[in-house]
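Spelled out, the chains give:
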Amino acid sequence: MMLSLLPPNQPFFKYALPASVLTQLVGNDEARGEVEAALNGLVEEAQAHVESQNIRPTIYQMLRLLVVGGNVLLHVPEKVGESTVRAFSLAHYVATRGPWGDVIELMLAEELSAQEMPPDVLTLAYDNPDEALSSSELQAVPLYTWLRFRDGVWMKHQEIRDKIVPGSEGTYAKENFP
């Protein structure tokens, strides 16, 4: 399935204008070649982005989760290059939908080890942060991300052990929701 959707080392889509539109836009064959070359450049740029962001394994995981469980949550980062695209199974999130099927609330559960946490979060997660860092046992702590849609705005915050993580609170406009 992956090879047919995202074949390696070749474009997985093509931009093309209908011949009648292309003739109206540009009258001669030289300009037509320039337009087609520009469209092919955009296709190559998109292909390079998919390869550089390592999206292929996440798409495979997403397809597998859809086939097996029928549901998946796909997180696309706010900014290109900020982090990778991630797929979450139904075991790691719950969504509340409104009467028209729109998501109005989303809760995402992840697990973090002490080595992954910044110092200010370590004090929230562990009674003795130094001991947690030096321990040979990697004991993960649940991190909950809560998103709620109210009054046309998405509100977000994260919690560890029922305490809000500093700096995790924020809002998104509906059209900018990741």
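Anyway, here's the lowdown on the structure attached to this text. Predicted, not measured: the structure shown is a model, and the values here were computed from it. (Residues numbered from 1 in each chain as written. Predicted model: local features only at pLDDT ≥ 70, side-chain atom pairs only at ≥ 80, totals over all residues. Heavy atoms only, no water.)

## Concerning the overall build of the protein chain
Okay, so step 1: Check the secondary structure of the protein chain and you find six helices and eight strands.
Okay, so step 2: In the protein chain, the succession of helices and strands from N to C terminus is α-α-α-α-β-β-β-β-α-α-β-β-β-β.
Okay, so step 3: Of all 178 residues assigned to the protein chain, the portion counted as buried reaches 28%.
Okay, so step 4: Across the protein chain, contacts joining residues at least 24 apart in sequence account for 43% of those joining residues at least 6 apart.
Okay, so step 5: When the accessible surface of the protein chain is split by element, carbon and sulfur atoms take 54% of a total near 12200 Å².
Okay, so step 6: Across the protein chain, the 13 positively charged side chains and the 24 negatively charged ones have centroids separated by 6 Å. (Helix = DSSP H or I, 4+ residues; strand = E, 2+ residues; numbered from the N terminus. Buried < 20%, exposed > 50% of the residue type's maximum accessible area, 1.4 Å probe, protein only. Contact = heavy atoms within 4.5 Å. Areas by Shrake-Rupley, 256 points an atom, 1.4 Å probe, with all protein chains shown as cover. Lys, Arg positive; Asp, Glu negative; His and termini not counted. Charge placed at Lys NZ, Arg CZ, Asp CG, Glu CD.)

## As for unusual backbone geometry
Okay, so step 1: Of note in the backbone geometry, Asp-151 takes a positive phi value of approximately 50° without being a glycine.
Okay, so step 2: Mapping Asp-151 onto the fold places it in the loop between strand E5 (141–150) and strand E6 (153–160).

## Side note on the environment of Ala-114
Okay, so step 1: Among the structural elements, Ala-114 can be located in the loop between strand E4 (103–112) and helix H5 (119–125).
Okay, so step 2: Ala-114 sits in the buried class, given a relative accessible area of 3%.
Okay, so step 3: Residues Ala-114 and Ser-134, spaced 20 residues apart in sequence, show a C-alpha to C-alpha distance of 9.3 Å.

## Here's the deal with helix H4 (residues 56–69)
Okay, so step 1: With 14 residues, H4 should reach 20 Å at 1.5 Å per residue; the first-to-last C-alpha distance of 20 Å fits that figure.
Okay, so step 2: Phi turns positive, to about 80°, at Gly-70, one or two residues after H4. (Expected span 1.5 Å × (residues − 1).)

## Here's the deal with the side chain of Ser-168
Okay, so step 1: Following the sequence through the fold, Ser-168 ends up in the loop between strand E7 (163–164) and strand E8 (170–173).
Okay, so step 2: Looking at Ser-168, its side chain comes within polar contact range of the main-chain oxygen of Val-165, at 2.7 Å.
Okay, so step 3: If sequence neighbours within four positions are ignored, Ser-168 has contacts with Lys-156, His-157 and Gln-158. (Polar contact = N/O pair within 3.5 Å; in protein donor to acceptor, adjacent residues only side chain to side chain.)

## Focus on the environment of Val-85
Okay, so step 1: In this structure, Val-85 sits in the loop between strand E1 (73–75) and strand E2 (86–88).
Okay, so step 2: Residue classification places Val-85 among the buried positions, given a relative accessible area of 13%.
Okay, so step 3: Between the C-alpha atom of Val-85 and that of Lys-14, which follows or precedes it by 71 residues, the distance is 23 Å.
Okay, so step 4: Each residue touching Val-85, except ones within four places of it in the same chain, is listed here: Ile-55, Thr-58, Leu-74, His-75, Val-76 and Pro-77.

## Regarding the pattern of salt bridges
Okay, so step 1: Per the counting criterion, the structure on display carries one salt bridge.
Okay, so step 2: Glu-110 is the partner of Arg-86 in a salt bridge, and the nearest nitrogen-oxygen pair spans 2.3 Å. Note that Arg-86 is positioned in strand E2 and Glu-110 in strand E4, a separation of 24 residues in sequence. (Salt bridge = Lys/Arg side-chain N within 4 Å of Asp/Glu carboxyl O.)

## What to know about the pairing of E6
Okay, so step 1: Two elements, E5 and E6, share eight bridges in a ladder whose sense is antiparallel. What sits directly across from Leu-147, in E6, is Lys-156.
Okay, so step 2: Between the antiparallel neighbours E5 and E6 lie two residues, among them Asp-151 with a positive phi of about 50°.
Okay, so step 3: Looking at chain direction, E6 and E8 are connected through four bridges and run antiparallel. Bridge pairing links Met-155 to Thr-171 in E8.
Okay, so step 4: The pairing of E6 with E7 spans two bridges and is classified as antiparallel. Across the sheet, the residue bridging to Glu-159 is Ile-164, located in E7. (Pairing = 2+ DSSP bridges.)

## Some remarks on the packing of aromatic side chains
Okay, so step 1: Applying the stated criterion across every chain yields a total of three aromatic pairs.
Okay, so step 2: With 5.2 Å between their ring centres and 80° between their planes, Phe-13 and Tyr-15 make a pair best called edge-to-face.
Okay, so step 3: Aromatic rings pair up to connect Phe-12, Phe-13 and Tyr-15 into one cluster. (Phe/Tyr/Trp six-rings, centres within 6.5 Å; stacked < 30°, edge-to-face > 60°.)

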